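An overview of the molecular structure
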Amino acid sequence: MAIITTPEGHKFPWYVKLFFWNQKRKYGAILEPARLWGRSPKVFAALALLYGAFDRASSPLAPVLRTLVTVRVSQINGCPFCIDINSATALKRGVTDDKLRTLADYAVSDLYSDEEKAALAYAEAVTYSDRQPAEEHFEALRRYFDDDAIIELTGLIGFQNMSSKFNAALGVEPQGFCLIAPQPAVMEKQKKEVSDATRSEE
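All figures in this text were calculated on a predicted structure; none of them were measured in a lab. Just so you know, the residues in each chain are numbered from 1, in the order the chain's sequence is written. Totals for whole chains, interfaces and linings use every residue, but because this is a predicted model, local features are given only for residues with pLDDT of at least 70 and side-chain atom pairs only at 80 or more, for both listing and counting. Side-chain descriptors were evaluated using all non-hydrogen atoms of the structure, hydrogens and water having been removed beforehand.

1. Re empty space enclosed by the protein
Convention followed: Any residue with an atom within 4 Å of a point lines the site, the site being either a cavity, points on a 1 Å grid over the protein atoms alone where a 1.4 Å probe fits but cannot get out, or a pocket, an open set with protein on both sides within 12 Å along at least 5 of 7 lines. Grid points are joined across faces, edges and corners, and a volume is the space filled by probe spheres set on the points. Every helix listed is a DSSP run of H or I at least four residues long, and every strand listed is a run of E at least two residues long, numbered separately from the N terminus. Three classes are used: nonpolar for Ala, Val, Leu, Ile, Met, Phe, Trp, Tyr, Cys and Pro, charged for Asp, Glu, Lys and Arg, and polar for all others, with Gly counted as polar.
Inspection of the entire model under this criterion finds one cavity of 30 Å³ or more. Its boundaries defined by the atoms lining it, the largest cavity holds a volume of some 90 Å³. Every residue along the wall of the largest cavity is listed here: Tyr 51, Phe 54, Asp 55, Arg 66, Thr 67, Thr 70, Asn 86, Thr 89, Arg 93 and Leu 156. Looking at the lining of the largest cavity, the elements with two or more residues in it are α3 (41-54), α4 (63-76) and α5 (80-92). Partitioning the lining of the largest cavity into residue classes produces three nonpolar, four polar and three charged.

2. Looking at α4
Put simply, the test is: The length a helix should cover is 1.5 Å for every residue beyond the first. To sort residues, take the accessible area from a 1.4 Å probe on protein chains only and compare it with the maximum for the residue type: under 20% means buried, over 50% means exposed, and anything in between is partly exposed.
An ideal rise of 1.5 Å per residue puts 20 Å on 14 residues; α4 measures up with 20 Å between its terminal C-alpha atoms. For α4, a buried count of twelve out of 14 residues is recorded, marking the element as mostly surrounded by other parts of the structure. Those residues of α4 that fall on the buried side of the exposure criterion are Leu 65, Arg 66, Thr 67, Leu 68, Val 69, Thr 70, Val 71, Arg 72, Val 73, Ser 74, Gln 75 and Ile 76. The positive-phi residue at the C-terminal boundary of α4 is Gly 78, with phi of around 65 degrees.

3. Quick word on the packing of aromatic side chains
Going by this rule: Note on aromatic pairs: the rings of Phe, Tyr and Trp (six-membered ring only in Trp) are paired at centre separations within 6.5 Å, and the planes decide the class, stacked below 30 degrees, edge-to-face beyond 60, tilted for the rest. Look at NZ for Lys and CZ for Arg. If either is within 6 Å of the ring centre and within 35 degrees of the ring normal, a charge sits over the ring.
Summed over the entire model, instances satisfying the criterion amount to eleven aromatic pairs. Consider the rings of Trp 14 and Tyr 15, whose centres lie 5.8 Å apart with planes at 85 degrees: the pair is edge-to-face. Overall, the relative accessible area of 64% leaves Trp 14 in the exposed class. Pairing Tyr 144 with Phe 145 gives two aromatic rings, centres 6.5 Å apart and planes at 70 degrees, and the pair type is edge-to-face. Of the residues examined, Tyr 144 reaches a relative accessible area of 36% and is grouped as partly exposed. In this structure an aromatic cluster arises from ring pairing among Phe 12, Phe 19, Phe 20 and Phe 44. Across the ring face of Tyr 112, the terminal group of Lys 99 is positioned such that the distance to the ring centre comes to 5.0 Å.

4. Let's talk about the nonpolar core
To be explicit about the condition: Residues grouped as a nonpolar core are buried Ala, Val, Leu, Ile, Met, Phe, Trp, Tyr and Cys residues, joined through side-chain atoms within 4.5 Å. Note on contacts: a residue pair qualifies if any of its non-hydrogen atoms lie within 4.5 Å across the two residues.
By size, the foremost hydrophobic cluster in this structure holds 44 residues, and its most contacted members are Val 69, Phe 145 and Leu 153. Those elements that provide at least two residues to this core are α1 (14-27), α2 (32-37), α3, α4, α5, α7 (114-127), α8 (135-141) and α9 (147-169). Tallying contributions element by element places α9 first for this core, with six residues. With residues near it in sequence (within four places) discarded, Val 69 still touches Ala 119, Leu 120, Ala 123, Leu 153, Leu 156 and Ile 157.

5. Regarding the side chain of Gln 160
Positionally, Gln 160 belongs in helix α9. Owing to a relative accessible area of 5%, Gln 160 belongs among the buried residues under this scheme. Once residues lying within four places of it in the same chain are set aside, the contact partners of Gln 160 are Thr 70, Val 73, Ser 74, Cys 82 and Asn 86.

So this is what it looks like as C-alpha cells:
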C-alpha cells in the first residue's frame with residue numbers, strides 16, 4: 001500500500017511536466033514514482049537524465065542485459081513496481097515469457113547465456129547486503145566486458161538499487177504493465193521458508 005500519495009492538483013514545474021508528457025507517450029500513463037520524485041523537481045530532473053544516460057542506444061551493455069539486471073535487482077529489493085515496469089520492457093526487448101519467469105534461477109537455467117549469468121551474479125553480489133563482489137565475479141565479467149562496461153554495469157546496478165529501494169520503502173504499487181512479472185525475491189524467500197518448515201515437520 002502506498003505510504004505517500006501525490007494529490008492530482010499538485011503543481012509541478014513546467015520541466016517536470018515535460019518528463020510526465022514523455023512518460024505518458026511511452027507508457028500510456030504517468031509513473032507514480034515520477035510523481036513522488038517530482039515533488040523534489042531538481043532531484044527528479046537529474047534522476048531522469050541519469051536514467052536516460054544508462055538507457056542510451058550507445059551503451060556498451062546490450063538492452064536485454066540491462067533490463068534483466070534491473071529486474072533481478074528489483075526482485076531482490078522486493079519492489080513490485082520496478083519488477084512490473086522492467087519486466088514489461090524485457091518482453092518488448094525480446095525476452096521470452098519462460099526466461100523472464102525463471103530469472104531468479106538464472107544460474108542453473110539454459111535460457112541464460114554465460115555473459116548474462118556473469119552480469120547477474122555480479123548484480124546479486126552488489127545488491128545483497130551480506131555479500132561483496134569477489135575476484136571470481138570480475139574474472140567472469142572480463143570474459144565479456146571491458147573496464148568501461150564494468151563501470152557502467154556497476155553504475156546501473158547502483159541506480160536500480162536506489163530506485164527499487166525508494167519505491168519499495170514508499171509502497172509504490174505496480175501499474176499493471178506486465179501480467180507475468182516474476183515475484184520479488186522477498187516473496188520467494190518466504191515461500192522457501194514455509195516449504196522448509198513444512199518439510200521439517202513431516
